[in-house]
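Architecture at a glance
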Amino acid sequence: MRILICEDSALLREGLVRLLEDAGHTVVAALPDAHDLDTVVADTTPDLCILDVRLPPTFTDEGIRAALTLRAANPHLPVLVLSQYVEERYASELIAGRGGALGYLLKDRVADVAEFVETVAQIGAGGTVFDPEVVSQLLMRRTRDDRMARLTDRERTVLALIAEGKSNQAIARTLHVSEASVEKYITSLFQKLDLEQDEAGNRRVLAALAHLEHGGDLPQTGASR
């Protein structure tokens, strides 16, 4: 897979390059900021873009704005966003926006090399993966939504696990229940959230989170906690 990286930290940037190339991928560009991102993407035609949320010069929202622009201009280009903290506003904007495969991970996840490489491959193949901490905070912000109030604790857990990109089999192993039980939980939670079911699990997760985001106001600032 051809991958473009946009990360201001030289140490992390070079670490990602080495990690991804060791995994058999080709890093077509490794940028310290998003200044020429559109041009480089057009010139290198990557299969996946990895961007930091906060980039120079202000280290506020340059990276996320670049990600949103990329998804709007290249709807089928998979994008993986890395963040030091859970940026709820930015995660909300990404989920609510249009675009293809999407990932939102906290940088701590990069430390687990095998899991990170697997996640990159999953997003590159069209999947959607959200860091469990991101999912947890987004769901917590919607606890007063009538639809979320319909879910049982177990259904919320299943929804969060699906959002992490886990298969029904993996969820069953995690919760120590049968796959049939997991399927029942999934059917029930999407009915309670008024969402039509489809066969693409990752897309269902993205649709569910987008639906929840439209049900509440977004925070007005992107300050980290």
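Each remark here, short or long, concerns the structure printed above.
Calculation rules
- Residues numbered from 1 in each chain as written.
- Predicted model: local features only at pLDDT ≥ 70, side-chain atom pairs only at ≥ 80, totals over all residues.
- Heavy atoms only, no water.
- Buried < 20%, exposed > 50% of the residue type's maximum accessible area, 1.4 Å probe, protein only.
- Helix = DSSP H or I, 4+ residues; strand = E, 2+ residues; numbered from the N terminus.
- Pairing = 2+ DSSP bridges.
- Axes fitted to C-alpha atoms, helices over the stretch in contact; angles between N-to-C directions.
- Contact = heavy atoms within 4.5 Å.
- Expected span 1.5 Å × (residues − 1).
- Parallel < 35°, antiparallel > 145°, perpendicular 65-115°, else oblique.
- Left-handed = near helix turned anticlockwise from the far one by under 90°.
- Nonpolar A, V, L, I, M, F, W, Y, C, P; charged D, E, K, R; others polar.

Within strand β3 (residues 48-52), five of the five residues are buried, which leaves the element mostly enclosed by the surrounding structure. With burial as the criterion, each face of β3 is covered, one bearing Leu48, Ile50 and Asp52 and the other bearing Cys49 and Leu51. Here strand β1 (residues 2-6) pairs with β3 via four bridges, running parallel. By the bridge assignment, Cys6 is partnered in β3 with Leu51. For β3 and strand β4 (residues 79-83), the ladder comprises four bridges, and the chain directions are parallel. Among the inter-strand pairings, Ile50 is bridged to a residue of β4, identified as Leu80.

With that out of the way, let us pick up the sheet that holds strand β5 (residues 102-106). The strand order β2-β1-β3-β4-β5-β6 describes an open sheet built from six strands, whose pairing is parallel. Unpaired on one side and paired on the other, β2 (26-31) and β6 (128-130) mark the two borders of the sheet. Each strand axis lies, on average, 15 degrees off the axis of its neighbour in the sheet, ignoring direction. In the packing of helix α2 (residues 37-44) onto the sheet, contacts are made with β1, β2 and β3, and the angle to β1 comes to roughly 170 degrees. Sheet contacts for helix α3 (residues 62-73): β3, β4 and β5; angle to β3, the most-contacted strand, approximately 155 degrees.

Bringing helix α10 (residues 179-192) into the picture now. Along an α-helix, a turn takes 3.6 residues, which lines up residues three or four apart on a common side. The end-to-end C-alpha distance of α10, which contains 14 residues, comes to 20 Å, matching closely the 20 Å that a straight helix rising 1.5 Å per residue would cover. Val182, Ile186, Ser188, Leu189 and Phe190 are the residues of α10 that are buried.

Moving on to the packing of α2 against α3. Here α2 crosses α3 at 40 degrees, and the two axes come no closer than 11 Å. The angle between α2 and α3 falls in the class oblique. Between α2 and α3 lies a crossing whose hand is right-handed. Judged by residue contacts, Leu37, Asp38 and Val41 of α2 engage Ala66, Thr69 and Leu70 from α3. Of the residues belonging to the contact of α2 with α3, the class tally is four nonpolar, one polar and one charged.

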